[in-house]
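Examining the three-dimensional arrangement
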Amino acid sequence: MNPAPEFQLQSRDFGPDFLWGAATSAYQIEGAWNQDGKEPSIWDAFSHKRWRVKKNQNGDRACQSYQRYKEDVTLLSRMGMNAYRFSLAWSRLVHPQIAGRTSWSPAGGYRHSSTAIVNPCGFDYYKRLLESLHAAGIRPFVTLYHWDLPQRLETSGGWASRDIIKYFEEYAAICVQELGHLVKDWIVLNEPAVFLPLGYLLGVHAPGRRGLKRFLRASHYALLAQAAAARSIRSLDSGCQIGTTISTDGAYPASDSQRDQIAARRYDALMNRLYVDPVFGEGYPLTDLPMLKKMEQYIKGDDLANLQFDFDFLGVNNYTSHRIKHAVWMPWLKARPLPFAKRSRRTAMGWEVYPAGLRDQLIRFGTYEKIKSLYVTENGIALDDVLTNGAVPDAERIRFFQNYLSAVRDAQRAGAPVQGYFAWSLLDNFEWAAGYRPRFGLAWVDFASGDRVLKESGYWWREFLTK
Ligand code: IFM
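Residues take numbers from 1 onward in each chain, read along the sequence in its written order. This being a predicted model, a pLDDT of at least 70 is required before a residue's local features are given, and a value of 80 or more before pairs of side-chain atoms are given or counted; all residues contribute to the totals for chains, interfaces and linings. Excluded from the side-chain calculation are hydrogens and water; included are all heavy atoms of the structure.

A word on the overall build of the protein
Secondary structure summary: the protein contains 14 helices and 14 strands in total. Only the C-alpha atoms count toward the radius of gyration. The rule for a globule is 2.2 Å times the residue count to the power 0.38. On C-alpha atoms alone, the protein measures out to a radius of gyration of 21 Å, which is about the 23 Å that the 2.2 N^0.38 rule sets for 467 residues. Dimensions along the principal axes, computed over C-alpha positions, put the protein at roughly 60 × 55 × 45 Å. Relative accessible area decides the class of each residue, using a 1.4 Å probe on protein chains only: under 20% of the type maximum gives buried, over 50% gives exposed, and in between gives partly exposed. Among the 467 residues that make up the protein, the fraction classed as buried is 60%. The long-range fraction of contacts in the protein, counting pairs at least 24 apart against all pairs at least 6 apart in sequence, stands at 76%. In DSSP terms, a helix is any run of H or I states spanning at least four residues, a strand is any run of E spanning at least two, and both are numbered starting from the N terminus. The contact criterion used is simple: two residues touch if any of their non-hydrogen atoms lie within 4.5 Å.

Structure below.
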């Protein structure tokens, strides 16, 4: 990664209303996996099986944010941040009722409908967190779904069942009824291009299922569920902002050859456009990724109109980019991602750092006619940080942020309507199948005690945001 000694930007260069925050997700930080009426999610079930997660780790305790959320708010305040993106754990809040299955109601739970029992204790936790954020002047961006489906929905097909549309829509409506007075910025899904292929095609994330057909079905239903949930939020609160978040992976042809160019388009269609184009009226990217024709068998009646929604913003997550080479790998993709340089420095995730990739994605999505505004909803670097004498020196992370912030500013200068930036992540946390080793946080976490220590990059943010 190139150092950024010339980094001269100030936070005010990004605009007077630009939002600055950090992001987390429920399963990765909360812990309390079975407390106060929470049911198991697919990540509880998956991580409790052997050898699905490195070292058999799980999120049972994670960062204990369920108990220590006030410290999280204090960390955000100390860094001068004015926004926080976190997610709700569906299985803490609403217990879907499936016809013919035994239902269970937590103490104090109430029946919302024949398909949902609400757990008020779960909502109390988020109300306390939201009230603390408001008291500190921090604007909450709340993600409805960051990968932790209630396990009882998975046992009846999960995202690969059309029923998910009505369950997700109802969950969204209940969240707005319970929390709408405290939340004005909703994010519907986090990164369908990760949780669907990894969970339903390759089986390396929860729920650990495999198969192309299942993946295609789940992808189509997830888009329908996303739009249904967004419409339901809009109908209950016409004054809030509704967005959704995608992952992006810049895909540049490895050479000028026509085969590499076409392979890069196929890869780009899968990784970057599949969950964006149809939502914003461009349809599934069938021309660039012909395999998607197999999706047609799942498309019914008005589906293609129903999965569209007039979102207020698109959240863009970006960590790395690739050069793409034509390859026989995966017969329907025939594209292999390669690094830009063979011996380049990799992060603790093995990812290459490529700030121009974020710039290019922001510029590209900024040109979509129906995309009104953009937020960078995740961007960050995993390192093998070490706590030494009460401090965590992470100069490489500071350079990472400087380089990527320069890229965001370049995208703005090129016309991309970027309104805010959320660093991933506020805390070191449970990095899914990779367990606790990759540390992404601005604050170091001692996972045994739950203690937090602001890293040098956290102090850098404070300097950047408050000077
Ligand atoms: O930790 C994840 C997060 O949950 C989703 N986006 C990518 C991050 C880093 O892998």
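So that's the structure; there's more coming.
Brief notes about the pattern of salt bridges
Opposite charge on two side chains allows them to pair when their charged atoms are near. Put simply, a salt bridge is a Lys or Arg side-chain nitrogen that is within 4 Å of an Asp or Glu carboxyl oxygen. Within this structure, the stated rule accounts for 30 salt bridges. A salt bridge links Lys372 to Asp312; its shortest N-O distance comes to 3.9 Å. In this pair, Lys372 sits in the loop between α12 (355-366) and β11 (374-378) while Asp312 sits in the loop between α11 (303-306) and β9 (313-326), placing the two residues 60 residues apart along the sequence. Since its relative accessible area comes to 43%, Lys372 is described here as partly exposed. Between Glu396 and Arg345 there is a salt bridge, with the nearest N and O atoms lying 2.8 Å from each other.

Considerations on helix α5 (residues 120-135)
In this model, α5 (16 residues) spans 22 Å end to end at C-alpha, consistent with the 22 Å of a helix rising 1.5 Å per residue. Of the positions making up α5, those classed as buried are Gly122, Phe123, Tyr125, Tyr126, Leu129, Leu130, Ser132 and Leu133. Once α5 finishes, Gly137 follows within two positions and takes phi at roughly 75°, a positive value. By this rule, a helix spans an expected 1.5 Å times one less than how many residues it contains.

A word on the site of the ligand
The environment of the ligand is made up of Gln28, His146, Trp147, Asn190, Glu191, Tyr319, Trp351, Glu378, Trp424, Glu431, Trp432 and Phe440. With respect to the ligand, the side chain of His146 contributes an N or O atom lying 2.8 Å from an oxygen atom. Contact distances for the ligand include 2.8 Å between an oxygen atom and a side-chain N or O atom of Trp432. For every accessible area listed, the method is Shrake-Rupley and the probe measures 1.4 Å; residues are considered covered only by the protein chains on display. For the ligand, whose accessible area on its own is 280 Å², the fraction buried by protein is 95%. A single heavy atom is enough: if one lies within 4 Å of a molecule or strand, its residue is considered near that molecule or strand. As used in this structure description, the phrase polar contact means that two N or O atoms lie within 3.5 Å; if the pair is within protein, one of them must be able to donate a hydrogen and the other to accept it, and residues adjacent in sequence are counted only when both atoms belong to side chains.

Focus on unusual backbone geometry
Excluding glycine, most residues fall at negative phi; most peptide bonds, likewise, are trans. Here Ala206 and Pro207 are connected by a cis peptide whose omega angle stands at 5°. Inspection of the secondary structure assignment puts Pro207 in the loop between α8 (192-201) and α9 (212-236). The omega torsion across Trp424 and Ser425 is 15°, close enough to zero to call that bond cis. By the element assignment, Ser425 lies in the loop between β12 (418-424) and β13 (443-445). Located in the positive-phi region is Asp36, a residue other than glycine, with phi close to 55°. Considering the arrangement of structural elements, one finds Asp36 in the loop between α1 (26-29) and α2 (42-47). With a relative accessible area of 40%, Asp36 lands in the partly exposed category.

Details of the packing of helix α3 (residues 65-78) against α5
To get an axis, a line is fitted to the C-alpha atoms, and for a helix only the part in contact is used. The angle between two axes follows their N-to-C directions and goes from 0 to 180 degrees. Close contact between α3 and α5 brings their axes to 9 Å; oriented N to C, the two are set at 15°. In terms of orientation, α3 and α5 fall into the roughly parallel class. Crossing of α3 against α5: the hand is right-handed. Counting all contacts with α3, which are made through Ser65, Tyr66, Tyr69, Lys70, Val73 and Leu76, the residues of α5 involved are Cys121, Tyr125, Arg128, Leu129, Ser132 and Leu133. Residue classes in the contact of α3 with α5 are distributed as 8 nonpolar, 2 polar and 2 charged. Orientation categories follow fixed angle ranges, with anything under 35 degrees roughly parallel, anything over 145 roughly antiparallel, 65 to 115 roughly perpendicular, and all other angles oblique. Left-handed describes a crossing whose near helix is turned anticlockwise from the far helix through less than a right angle; right-handed describes the clockwise counterpart. The classification used treats Ala, Val, Leu, Ile, Met, Phe, Trp, Tyr, Cys and Pro as nonpolar, Asp, Glu, Lys and Arg as charged, and all other residues, Gly among them, as polar.

Looking at the state of the cysteines
The disulfide criterion is simple: two cysteine sulfur atoms within 2.5 Å. Inspection of the entire model under this criterion finds 0 disulfides. The thiol sulfur of Cys240 is not disulfide-bonded, and the nearest other cysteine sulfur, from Cys175, lies at 12 Å.

Side note on the sheet that holds strand β3 (residues 94-96)
Any two strands with at least two DSSP bridges between them are considered paired. Strand order in the open sheet formed by 3 strands is β3-β5-β4, with antiparallel pairing between adjacent strands. Whereas interior strands pair on both sides, the edge strands pair on one side only; in this sheet they are β3 and β4 (110-113). Within this sheet the neighbouring strands show an average axis-to-axis angle of 30°, counted without direction. Pairing geometry for β3 and strand β5 (residues 116-118), over 3 bridges, is antiparallel. When the sheet's bridge partners are listed, His95 is paired in β5 with Ile117. The sheet strands contacting helix α7 (residues 164-179) are β3, β4 and β5, and the helix crosses β4 at an angle near 120°.

Here we look at the nonpolar core
Counting residues in each nonpolar core, the largest one holds 147 residues, and the members touching the most others are Leu88, Trp159, Phe168, Trp186 and Trp461. Looking at this core, the element that brings in the most residues is α9, giving 13 residues. Remark: nonpolar core denotes a set of buried residues (Ala, Val, Leu, Ile, Met, Phe, Trp, Tyr, Cys) joined through side-chain atoms within 4.5 Å.

Some details on the environment of Trp33
Structurally, Trp33 can be placed in the loop between α1 and α2. Since its relative accessible area comes to 22%, Trp33 is described here as partly exposed. Residues Trp33 and Leu182, 149 residues apart in the sequence, show an inter-C-alpha distance of 24 Å. Every residue in contact with Trp33, bar those within four places of it in the chain, is listed here: Lys38, Glu39, Asp44, His48 and Asp60.

A word on the pairing of strand β8 (residues 241-253)
Of all the 13 residues making up β8, 11 are buried; the element is thus mostly covered by neighbouring parts of the structure. Of the strand pairs in this sheet, strand β7 (residues 185-190) and β8 are connected by 4 bridges, and their pairing is parallel. Bridge pairing in β8 places Asn190 opposite Thr245. Looking at chain direction, β8 and β9 are connected through 10 bridges and run parallel. Along β9, the bridge assignment pairs Gly243 with Phe313.

Some remarks on the packing of aromatic side chains
Between 30 and 60 degrees the pair is tilted, below 30 it is stacked and above 60 it is edge-to-face, where a pair is any two Phe, Tyr or Trp rings, Trp via its six-membered ring, whose centres lie within 6.5 Å. A full pass over the atoms with the stated rule returns 52 aromatic pairs. Plain terms: the ring middles of Trp351 and Phe440 are 6.2 Å apart, the flat faces sit at 50° to each other, and that makes the pair tilted. Here the residue Trp351 occupies a position in the loop between β10 (335-338) and α12, and Phe440 occupies one in the loop between β12 and β13, the gap between them amounting to 89 residues. Taking the relative accessible area as the measure of exposure, Trp351 reaches 28% and is therefore partly exposed. For a lysine, the NZ atom is tested; for an arginine, the CZ atom; a charge sits over a ring if that atom is within 6 Å of the ring centre and within 35 degrees of the ring normal. One residue, Arg92, lies across the ring of Tyr125, its end atom 6.0 Å from the ring centre. Its end group placed over the ring of Trp329, Arg336 keeps NZ or CZ at 5.0 Å from the ring centre.

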